[in-house]
Amino acid sequence: MEFNETADLTCENYQPLSPYKCLLHLDRVAQFINDDYQVTPVTAHLVPTLNCNQRCYFCTYGQYKEKSKNPGLQMSLAEVIGCIDQLAAVGVKGIIFTGGGEPTLFHGLVEAMAHAKSKGLDIALNTNGYRCSEALMDGILSCKPTYIRISLNNGRPLTQKLVTGRDNFHHVLENIQRFAERKAQLSPETDLSVGYVVNIVNLHEMREFLDQMVRIERRVMEKTNDETPIYSLQFRPVSNFEHSKHTADLQRIDALLQYMQDTYGDAYREELEGFVKRDSQPSSKTMRLALEIIKRELVPAIKMNPNSRMKIVFPELKFRDIIAGSQKPYSRCLSCPWYLFIWPDGSVYHCVEWAGDPEFSIGNIFTTSLSKILAGEKRAQILAEINKTVINERCVTICAHHEMNILLNSLQALEGDPSEIIQEIKRRQIPVRHTNFL
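Residues numbered from 1 in each chain as written. Predicted model: local features only at pLDDT ≥ 70, side-chain atom pairs only at ≥ 80, totals over all residues. Heavy atoms only, no water.

Colleague: Provide a residue-level description of the layout of surface pockets, including the pertinent values.
Modeller: In this structure, the second largest pocket encloses a volume near 180 Å³. Forming the boundary of the second largest pocket are 14 residues, of which Gln-281, Pro-282, Ile-322, Thr-397 and Ile-398 lie nearest the centre. Across the lining of the second largest pocket, the residue classes break down as five nonpolar, eight polar and one charged. (1 Å grid on protein atoms, 1.4 Å probe; cavity = no way out; pocket = protein on both sides within 12 Å on 5 of 7 lines; lining within 4 Å. Points joined across faces, edges and corners; volume = space filled by probe spheres on them. Nonpolar A, V, L, I, M, F, W, Y, C, P; charged D, E, K, R; others polar.)

Put into structure tokens, the structure is as follows:
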């Protein structure tokens, strides 16, 4: 794909997942053009704990939490503060407090978020929405995060219980509404979104999920007069990573498999069984049907509702390439240097997929300064290894940063004066949200 052919990535359904956000950081673009390994990261994923109050079968880091010698691994507040100070010092612009585990189980979360804001960093939170006391909710919102994304990956109570191991569907719905109500009072500028990782289990529950969100939106609008209590519903395709999945609770997994067979038939059970037992990726048939439901049912439903302001967000190109069984249209991962991922033991990674695997650590922020890690040989060595063999032999075919890699590889292939390329980027005036969260 040529650079000029990526315009479809600016369409509304990519907000706020637009891969174009990286191009708005012109200093990083200049670094990238000079040396694509030496980009100063824009966004850091900070994982304060591996503790989690759910056991989602498709969890990206599930096997680390099941097989780790220290499944309760977490940072102290002092360690988190130290990480934040170093991230600010090297020029990182946004920190996402995320998992790993469930960040709201880290008791110093509000203090850490407040400290990051005091250092001039944008902050965001990814949470499953299960643990949200009034004090915690108000504390988080008082820090004025750019966004909060709550994950609710099911449309029915039973599948929520079978998928997560927790009978908490209505509890999470209540917390989404409470977050939206408190946001209207404490931080109306914060974007509250709800995430939905599309997979074979929840494929046919997307409309039920949408209807639940519309009802919450309406109730909050009536109570608070907030026009956008929920900014977006984000639908992303599930991926099966090398270290993913919670499968230790065999009884629950067997019950989920039986539910799929009883409800949808043998083919659905077989696909789920392939995912949890044979490391299979979701089928093109499943993703094709998911995309059809999103585009032909969910998007029209919102557009036809005159009172709803929610956006339906989905990475359409990623869905399409999974459906087509496409191989990567690029040979190098150029998105990695733009990110950092900090594990609870202080290990620093560039890739969300490989975080937690010591093989891909570029250093440890507890023992070596982040500035030295970023300038060190280990960083270049790991990036070179990813691009030499890992990207084609071990990475999933369509990863979380698929569109950004398409874009950056297209940019790298351009000929001409780098300053002219930067001026072209400026002329495009690409509209995106959450600029510091790539």
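Colleague: Please give an account of helix H4 (residues 109-118) that cites residues and values.
Modeller: Listing the buried residues of H4 in full gives Leu-109, Ala-112, Met-113 and Ala-116. All buried residues of H4 lie within an arc of 100 degrees about the axis, which places them on one face of the element. Contacts made by the buried residues of H4 are with helix H3 (77-90), strand E2 (94-97), strand E3 (122-127) and helix H5 (134-142). Positive phi shows up at Gly-120, right after H4, with a value of about 85 degrees. (Buried < 20%, exposed > 50% of the residue type's maximum accessible area, 1.4 Å probe, protein only. Helix = DSSP H or I, 4+ residues; strand = E, 2+ residues; numbered from the N terminus. Arc of directions from axis to C-beta. Contact = heavy atoms within 4.5 Å.)

Colleague: Summarise the packing of helix H11 (residues 284-303) against helix H12 (residues 316-324); cite the residues concerned and give the values.
Modeller: At a closest axis distance of 8 Å, the pairing of H11 and H12 adopts a crossing angle of 145 degrees. Of the two possible hands of crossing, H11 and H12 adopt the one that is left-handed. Contact with H11, carried on its side by Ser-284, Met-287, Arg-288, Ala-290, Leu-291, Ile-294 and Lys-295, involves Glu-316, Phe-319, Arg-320, Ile-322 and Ile-323 of H12 and no other residues of that element. (Axes fitted to C-alpha atoms, helices over the stretch in contact; angles between N-to-C directions. Left-handed = near helix turned anticlockwise from the far one by under 90°.)

Colleague: Quick rundown of the pairing of E3? Include the residues and the values.
Modeller: Among the six residues of E3, five are classified as buried, and the element is accordingly described as predominantly covered. For the crossover that starts at E2, traverses H4 and ends in the parallel E3, the hand is right-handed. For E3 and strand E4 (residues 147-151), the ladder comprises four bridges, and the chain directions are parallel. The residue of E4 that forms the bridge with Asn-126 is Arg-149. Between the parallel elements E3 and E4, the chain passes through H5 in a crossover that is right-handed. (Right-handed = clockwise from strand over helix to strand, strands pointing away. Pairing = 2+ DSSP bridges.)

Colleague: An account of the pairing of strand E6 (residues 232-237) is requested, with residue identities and associated values reported.
Modeller: For E6, a buried count of five out of six residues is recorded, marking the element as mostly surrounded by other parts of the structure. Bridging between strand E5 (residues 191-198) and E6 involves six bridges; their strand directions are parallel. When the sheet's bridge partners are listed, Val-194 is paired in E6 with Leu-233. Bridging between E6 and strand E7 (residues 311-313) involves three bridges; their strand directions are parallel. Along E7, the bridge assignment pairs Gln-234 with Val-313.

Colleague: Provide a residue-level description of the sheet that holds strand E8 (residues 339-342), including the pertinent values.
Modeller: Taken in spatial order, the 10 strands line up as E7-E6-E5-E4-E3-E2-E1-E8-E9-E10 in an open sheet, and their pairing is mixed. Two strands bound the open sheet, and with one partner strand each, they are E7 and strand E10 (363-364). Where E4 lies against E5, five bridges are found, and the strand directions are parallel. Looking at the pairing, Ile-148 lines up with Leu-192 of E5. In this fold H3 packs onto strand E1 (43-46), E2 and E8, with an angle of close to 175 degrees to the strand it touches most, E1.

Colleague: Let's hear about the nonpolar core: which residues, and what values?
Modeller: If you look at the biggest cluster of nonpolar residues, it comprises 117 residues, and the most contacted ones within it are Tyr-57, Phe-97, Met-206, Met-213, Leu-233 and Phe-235. Among the elements that line this core, the one with the most residues is H11, at nine residues. Dropping the residues within four chain positions of it, Tyr-57 is found in contact with Val-163, Asn-199, Ile-200, Val-201, Lys-245, His-246, Ile-253, Leu-256, Leu-272, Phe-275 and Val-276. Counting 16 residues, the second largest nonpolar core, distinct from the first, contains Tyr-20, Phe-32, Leu-411 and Leu-438. (Core = buried A, V, L, I, M, F, W, Y, C linked by side-chain atoms within 4.5 Å.)

Colleague: Provide a residue-level description of the pattern of salt bridges, including the pertinent values.
Modeller: Within the structure shown, the criterion is met by 18 salt bridges. The shortest N-O distance in the salt bridge between Arg-156 and Glu-208 comes to 2.8 Å. Remark: Glu-208 occurs in helix H8 (residues 206-224) and Arg-156 occurs in the loop between E4 and helix H6 (157-164); sequence separation between them is 52 residues. On the basis of relative accessible area, Arg-156 is assigned to the partly exposed category, the value being 23%. Notably, a salt bridge pairs Glu-316 with Lys-295, separated by 2.6 Å at the nearest N-O pair. With Glu-316 in helix H12 and Lys-295 in helix H11, the pair connects residues that are 21 residues apart, well separated along the chain. Where salt bridges share partners, they join Arg-156, Glu-205 and Glu-208 into one cluster. (Salt bridge = Lys/Arg side-chain N within 4 Å of Asp/Glu carboxyl O.)

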